[in-house]
Amino acid sequence: MNADPAPLPRILILASGNGTNLQALIDASRERDFPGQVVAVGCNRPGAFALERAAQANIDTFVVDHKKYDSREEFDGALMAEIRRHNPDLVVLAGFMRILTTDFVRALRGSLLNIHPSLLPRYTGLNTHQRALEAGDEVHGVSVHFVTEELDGGPVIAQAEVTVDPDDTAESLAQKVQLKEHLLYPIVVRWFCEGRIQLGSDYVLFDGELLRKPMRLPDERVTH
Ligand code: GRF
């Protein structure tokens, strides 16, 4: 008699908009050997395309509309109630455009990931591509990090680089960075589901060892 295989880790994804990262994660999770299952997608905007993507993939969705709540605490409380209903092992922020309360972040400590379009610690917050251009950076990129109380400040797990070209604009950089996001996020989520990454007090453990600096995917662009 065969023992039932262990259930795959349950992934819940929160998104606010287009959901291209959500799509990349859904696609990755459909690969035969992917070590996790996307069980639900939550959104704070009723008409977001991310919801459509989830529905297309037959994934449960829920909406907690931030406009219906008077305070961040009430919104986060309602969001947490929905999250708990799905009993996730991992909550993935994929373009979720809300600042979360300290209580919310603490409650999910060690199982909450975010993707941010810069090479953190450079450029926390918004307009990262424009700021990288204005600073004259030759290399820009994207980071995946554990979420802690500090906005965009939790320990970084992995980054992917893009080369900044002289004719790049904020829009062209955003496109280049997004392609990398779609590569990087599934890799890190896979690591999490395989139990390879853990959050320590203010550091990441990778395969049980202190990760001294984030894993880096260099820009593999071929130059002739
Ligand atoms: C991405 O650029 C991500 O880095 C940022 O929000 C954006 C979401 O894009 N946190 P999408 O909705 O996944 O297309």
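The following paragraphs examine the structure supplied in this document.

Criteria and thresholds
Every chain begins its residue count from 1, and numbering advances along the sequence as written. Local features are withheld for residues below a pLDDT of 70 in this predicted model, meaning they are given only at 70 or higher, and side-chain atom pairs are given and counted only at 80 or more; totals for whole chains, interfaces and linings count all residues. The basis for every side-chain value is the complete set of heavy atoms in the structure, and neither hydrogens nor water enter the calculation. The criterion for a residue being near a molecule or strand is simple. One of its heavy atoms has to lie within 4 Å of it. Any N or O atom pair separated by 3.5 Å or less is treated as a polar contact, with the protein-specific requirement of one donor-capable and one acceptor-capable atom, and with residues adjacent in sequence counted only for side-chain atom pairs. Method for areas: the Shrake-Rupley scheme with a 1.4 Å probe, in which residue coverage is limited to the protein chains shown. The way it works is a 1 Å grid over only the protein atoms, where trapped points that fit a 1.4 Å probe form a cavity and open points with protein on both sides within 12 Å along at least five of seven lines form a pocket, and then any residue with an atom within 4 Å of a point lines it. A cavity or pocket is said to hold a molecule if more than half of that molecule's atoms lie within 2 Å of its grid points. Secondary structure counts use DSSP, requiring at least four H or I residues in a row for a helix and at least two E residues in a row for a strand, with both numbered from the N terminus. Three residue categories are used. Nonpolar comprises Ala, Val, Leu, Ile, Met, Phe, Trp, Tyr, Cys and Pro, charged comprises Asp, Glu, Lys and Arg, and polar comprises the others, including Gly. At least two bridges found by DSSP between two strands is the condition for calling them paired. Angles here are taken between N-to-C directions and fall from 0 to 180 degrees, while the axes themselves are lines fitted to C-alpha atoms, restricted in helices to the stretch in contact. Note on contacts: a residue pair qualifies if any of its non-hydrogen atoms lie within 4.5 Å across the two residues. The criterion for an aromatic pair is that two Phe, Tyr or Trp rings (for Trp, the six-membered ring) have centres within 6.5 Å, with stacked assigned to planes under 30 degrees apart, edge-to-face to planes over 60 apart and tilted to the rest. Any residue under 20% of the maximum accessible area for its type is buried, any over 50% is exposed, and the rest in between are partly exposed; the area is computed with a 1.4 Å probe on protein chains only. Only buried Ala, Val, Leu, Ile, Met, Phe, Trp, Tyr and Cys residues count toward a nonpolar core, and they belong to the same one when joined by side-chain atoms within 4.5 Å.

**A short note on the site of the ligand**
Reasoning step 1: For the ligand, the full set of nearby residues is Asn18, Gly19, Thr20, Asn21, Gly95, Ile115, Pro117, Gln178 and Glu181.
Reasoning step 2: Residue Ile115 places a main-chain N or O atom 3.0 Å away from a nitrogen atom belonging to the ligand.
Reasoning step 3: For the ligand, an oxygen atom lies 3.1 Å from a polar atom in the side chain of Gln178.
Reasoning step 4: Here the ligand, which alone exposes 360 Å², has 83% of that area covered by the protein.
Reasoning step 5: Judged by the proximity of its atoms to the pocket grid, the ligand belongs to the largest pocket.
Reasoning step 6: Elements represented by at least two residues in the shell around the ligand include exactly α1 (20–29) and α6 (170–193).
Reasoning step 7: Among the residues making up the shell around the ligand, the classes are represented as 2 nonpolar, 6 polar and 1 charged.

**Notes on the sheet that holds strand β4 (residues 90–93)**
Reasoning step 1: Judged by pairing direction, the sheet is mixed, and its 8 strands sit side by side in the order β3-β2-β1-β4-β5-β6-β7-β11 without closing on themselves. Edge strands, defined here as strands with exactly one partner in the open sheet, are β3 (60–63) and β11 (215–217). Recorded for the sheet is a direction-independent mean angle of 20° between the axes of neighbouring strands.
Reasoning step 2: Packed on one face of the sheet, helix α2 (residues 49–56) meets β1 (10–15), β2 (37–43) and β3 and runs near 160° to β3.
Reasoning step 3: Taken strand by strand, α6 contacts β1, β4, β5 (112–116), β6 (139–146), β7 (156–163) and β11, and its axis lies near 155° from that of β7.

**A few points about the packing of aromatic side chains**
Reasoning step 1: In this structure the tally under the stated criterion is 2 aromatic pairs.
Reasoning step 2: Arranged with centres 6.1 Å apart and planes meeting at 70°, the rings of Tyr69 and Phe75 form a pair that is edge-to-face.
Reasoning step 3: Owing to a relative accessible area of 29%, Tyr69 belongs among the partly exposed residues under this scheme.
Reasoning step 4: Seen in terms of ring centroids, Trp191 and Phe206 are 4.9 Å apart; in terms of plane orientation they differ by 85°. Their pairing is edge-to-face. You can see Trp191 sitting in helix α6 and its partner Phe206 sitting in strand β9 (residues 204–206), a full 15 residues away along the chain.

**Some points on the sheet that holds strand β8 (residues 197–199)**
Reasoning step 1: What the 3 strands build is an open sheet, ordered β8-β9-β10; its pairing is antiparallel. With one partner strand each, in any of the chains shown, β8 and β10 (209–210) form the two edges of the open sheet.
Reasoning step 2: Across 3 bridges, the pairing between β8 and β9 is antiparallel. Pairing of Ile197 across the sheet is with Phe206, part of β9.

**A few points about α1**
Three- or four-residue spacings in an α-helix give side chains the same orientation, since the helix completes a turn every 3.6 residues.
Reasoning step 1: Of all 10 residues making up α1, 8 are buried, and the element is well covered by its neighbours.
Reasoning step 2: Every buried residue belonging to α1 is among Thr20, Asn21, Leu22, Ala24, Leu25, Ile26, Ala28 and Ser29, and all of these are buried.
Reasoning step 3: On its buried face, α1 sits against β1, β2, α2, β4, β5 and α6.

**Concerning the nonpolar core**
Reasoning step 1: One finds Ile13, Ile157, Tyr185, Val188 and Val189 to be the most contacted residues of the largest nonpolar core, which totals 41 residues.
Reasoning step 2: Per-element accounting of this core gives the leading share, 9 residues, to α6.
Reasoning step 3: Beyond its immediate chain neighbours, meaning those up to four positions away, Ile13 contacts Leu22, Leu25, Val38, Ala40, Val41, Gly42, Val92 and Ala94.

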